[in-house]
Amino acid sequence: MSKIAILSKEISELIAAGEVIERPASVIKEVVENAIDAEAKHITVEIKHGGTTYMRVADDGCGIAAEDVPTAFLRHATSKIHEKHDLEAIYTLGFRGEALASIAAVSKVTLLTKRREDSYGTHYELVGGESDGEPEQSGCPDGTTLVIRDLFFNVPVRQRFMKKDVTEANAVSQIVQKIALSHPEVSFQMIRDNRMEFCTDGSGDLYAVIYALFGKEFAHDLIPVQYDDGFLRVSGYIGKPLYSKSNRTFQHFFINGRYIRSRVCSVALESAYQNLIMTGRFPTCVLMLEMLPVDLDVNVHPAKAEVRFTNEKNVADSLFFAVKNALLENGLIYEFQFRQNVQDWTKQPTQSTSVVQPSLPHLKEPSDAFASHQAEPEEEAPPPPPVIYPTQYHYDIGETMAELMKPEERPAAVVNPCALEEQGTAMPVSDKIEAILPLSPPEMETEAMVQSPKAMPEKQSILPEIRVIGEAFQNYILAEIPSAQQLLILDKHAAHERVIFERLKNGTAKQYRQLLMQKAETLLPMDEFSLMQEQEEQLVELGFSFDFSNPPFLQTTAVPTFLQALNIDEVVVEIAHNLALGKINPQTAYMDDLLHSMACKAAIKAHDKNDLAELQELVQIVYANDQIRHCPHGRPVMFVMKRQELEKQFKRV
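Calculation rules
- Residues numbered from 1 in each chain as written.
- Predicted model: local features only at pLDDT ≥ 70, side-chain atom pairs only at ≥ 80, totals over all residues.
- Heavy atoms only, no water.
- Axes fitted to C-alpha atoms, helices over the stretch in contact; angles between N-to-C directions.
- Helix = DSSP H or I, 4+ residues; strand = E, 2+ residues; numbered from the N terminus.
- Parallel < 35°, antiparallel > 145°, perpendicular 65-115°, else oblique.
- Left-handed = near helix turned anticlockwise from the far one by under 90°.
- Contact = heavy atoms within 4.5 Å.
- Patch = residues over 30% accessible without salt bridge, like charges linked within 9 Å, V, L, I, M, F, W, Y side chains within 5 Å.
- Areas by Shrake-Rupley, 256 points an atom, 1.4 Å probe, with all protein chains shown as cover.
- Salt bridge = Lys/Arg side-chain N within 4 Å of Asp/Glu carboxyl O.
- Lys, Arg positive; Asp, Glu negative; His and termini not counted.
- Charge placed at Lys NZ, Arg CZ, Asp CG, Glu CD.
- Buried < 20%, exposed > 50% of the residue type's maximum accessible area, 1.4 Å probe, protein only.
- Nonpolar A, V, L, I, M, F, W, Y, C, P; charged D, E, K, R; others polar.
- Pairing = 2+ DSSP bridges.
- Polar contact = N/O pair within 3.5 Å; in protein donor to acceptor, adjacent residues only side chain to side chain.

**Student:** I would appreciate a short explanation of the packing of helix 2 (residues 24-37) against helix 6 (residues 165-182) in the present structure.
**Tutor:** Helix-helix packing is characterised by the crossing angle of the two axes and by the distance between the axes. Between helix 2 and helix 6, the shortest axis-to-axis distance is 8 Å and the interhelical angle comes to 25°. Put simply, helix 2 runs roughly parallel to helix 6. Once helix 2 is placed against helix 6, the crossing between them reads as right-handed. Taking contact as the criterion, the partners of Pro24, Ala25, Ile28, Lys29, Val32, Glu33 and Ile36 in helix 2 are, on helix 6, Glu168, Ala171, Val172, Ile175, Val176 and Ile179.

In structure tokens form, the structure reads like this:
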């Protein structure tokens, strides 16, 4: 073995630089974050050939004093922290003092900087971390301009791992986009090979930044989020379920102004969208999280892209409720959009039809916490008061929603759409309707009503008059709301499927339990038989009753009325099988898959013959319940078409 020796400064600098600087995007990230910490209001990023040969970052920040310029390029030189206690209260993006030293070690750097109070600026050059002379006086604008050329010129092995110029340029563009989103109050310009890539105005409006970066269509499909529970403040925007993506690329989380990658945040976000989007699709978001620095550690990753929370459960709870309440408040009723490029024998209009999210009559007044989203105030209003939620509703990742909210713990019930008669009794319907579509109980509760009972309005408004006018293609229900001048289009199978799914999941299915005159007997393996017996309480919530007196034969004594038409043996076997899968590998998805399957089999099908009374009953239930906007598989249940848009197609307006 060779003799142990201390590495030279040159080699140690190159090794240390490799931990911070991986590619041109890493350089841009570190320099731009320094510019933001310097209180810059305008930042320009320019790259050529993907940043491998040329990068320039110019800002109008506070600048660097001439005597501090050489010190700034020394390792662990920083103005952000001074004592170990400062690590517990980090509000700046940079704090380690490694960025400039690492960048200078593997490139050729030119620095121009000037403070506002100075008459002259400072010019300083380094090659491979070494300077041939002292800083020189120079004329330059206020702020700092850093030019980096020939990245990794002295580390050939790293150059070989660089990707194509277009790939590296795309990576730079993505990192600048993320930083621009995190600081909408800063104006950004991105120049790529002498061409303007994008530009933000620095007005402080997050929506304007999203519009500038991702375009009109993406920005149009966003729902505002505003939430504060004292531990975590959440603001920003989430995407509507219908416009989910095939990957998590458009999930942007920022903690105290810093872009992060967090599995905790992703799982909480996707849990809030459960049963609203299709399997294999992912929600989109741009969410700003604010919390005390003492509750998180940002010093766990060389690039500071990952953080560690002191209480992950509280973060997941807060984020889940923030997103869930935003979805509830929005209503998620989609407006039917006419495509102007569809061939038509009439003359196409010259102007495209403007599409606005419809404002249907609500069943309840909006809560104070979301009043700021209903109308844009003329004057700057004070921030809304924090919404406090009951502690017993904390959401644990992997927990089913049935476990999340027990029936006896749920807050105030929503208005029953069928209880429109005097004294709140349900409207009489035929036996056929009752068998296919059982009426909701007078005080049906929904498991997603997670708001505090105190926040609920005392008076409920009456459901507007809805009149079913027929069916299209024996699958789509057409109904009109005269008072709102709107036409509703519902998928009857998807709607009924979600109605049944909600009843199974929130525990109201037991109110439709029907005793069987002839008990169904099913032979089960003993392990599945035991699991069924252990979960008897949960099965009762689903509307079932069983006799366990003759193992391994399980006798079914009662089922929900809407499942009577199914093969009971198959249903019991499917329940037992899903319970066994959950025992081996506990996941919420197993129970959800079971409820999806049961609801799908029990729901009315396309091409089934249904009279108008049945369809009227279904439309009333769907319209009244904000949870029934997607089928359990994530497909939309209902669209709305405004009369004005319909008349435009016939050139009547």
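**Student:** Can you walk me through a negative patch on the surface in this structure?
**Tutor:** There is a patch of like negative charges on the surface, built from Glu125, Glu130, Asp132 and Glu136. Structurally, the position occupied by Asp132 is in the loop between strand 4 (121-127) and strand 5 (136-138). Assessed through its relative accessible area of 84%, Asp132 is described here as exposed.

**Student:** How should the packing of helix 9 (residues 263-272) against helix 10 (residues 312-330) be read in this particular structure?
**Tutor:** Relative to each other, helix 9 and helix 10 sit at 35°, their axes nearing to 8 Å. Here helix 9 and helix 10 pass one another in a crossing that is right-handed. Contacts from Val264, Cys265, Ala268, Leu269, Ser271 and Ala272 of helix 9 reach helix 10 at Glu312, Val315, Ala316, Leu319, Phe320, Val323, Lys324 and Leu327. Of the residues that constitute the contact of helix 9 with helix 10, the class distribution is eleven nonpolar, one polar and two charged.

**Student:** Would you mind going over the pairing of strand 13 (residues 285-290) with me for this structure?
**Tutor:** The two faces of the sheet receive side chains in turn, since in a regular strand these alternate between them. Burial analysis of strand 13 places five of its six residues in the buried class, the great majority of the element. Pairing of strand 10 (residues 233-239) with strand 13, which is carried by six bridges, proceeds in the antiparallel orientation. The residue of strand 13 that forms the bridge with Arg233 is Glu290. The pairing of strand 11 (residues 251-255) with strand 13 spans five bridges and is classified as parallel. Across the sheet, residue Phe253 finds its bridge partner in strand 13, namely Leu287.

**Student:** How should I be thinking about the sheet that holds strand 3 (residues 108-114) in this particular structure?
**Tutor:** Remark on secondary structure: sheet strands pair via backbone hydrogen bonds, oriented parallel or antiparallel. Taken in spatial order, the eight strands line up as 5-4-3-6-2-1-7-8 in an open sheet, and their pairing is mixed. Whereas interior strands pair on both sides, the edge strands pair on one side only; in this sheet they are strand 5 and strand 8 (195-199). This sheet shows a mean twist of 15° between the axes of neighbouring strands, independent of strand direction. Sheet topology places strand 7 (residues 187-192) next to strand 8; four bridges connect them, and they run antiparallel. Bridge pairing in strand 8 links Gln189 to Cys199. Packed on one face of the sheet, helix 2 meets strand 1 (42-48), strand 2 (54-59), strand 6 (143-149) and strand 7 and runs near 10° to strand 2. In the packing of helix 6 onto the sheet, the strands contacted are strand 1, strand 7 and strand 8, and the crossing angle to strand 7 comes to about 175°.

**Student:** Sorry, what's going on with the environment of Asn610 here?
**Tutor:** Tracing the backbone shows Asn610 in the loop between helix 17 (588-602) and helix 18 (612-624). Given a relative accessible area of 13%, Asn610 falls into the buried group. Taking C-alpha positions, Asn610 is 9.3 Å from Glu471, a pair spaced 139 residues apart along the chain. What Asn610 contacts, discounting residues up to four positions off in sequence, is Glu471, Lys492, Ile604 and Leu615. Within the local environment of Asn610, its side chain forms a polar contact with the side chain of Lys492, the two groups lying 2.8 Å apart.

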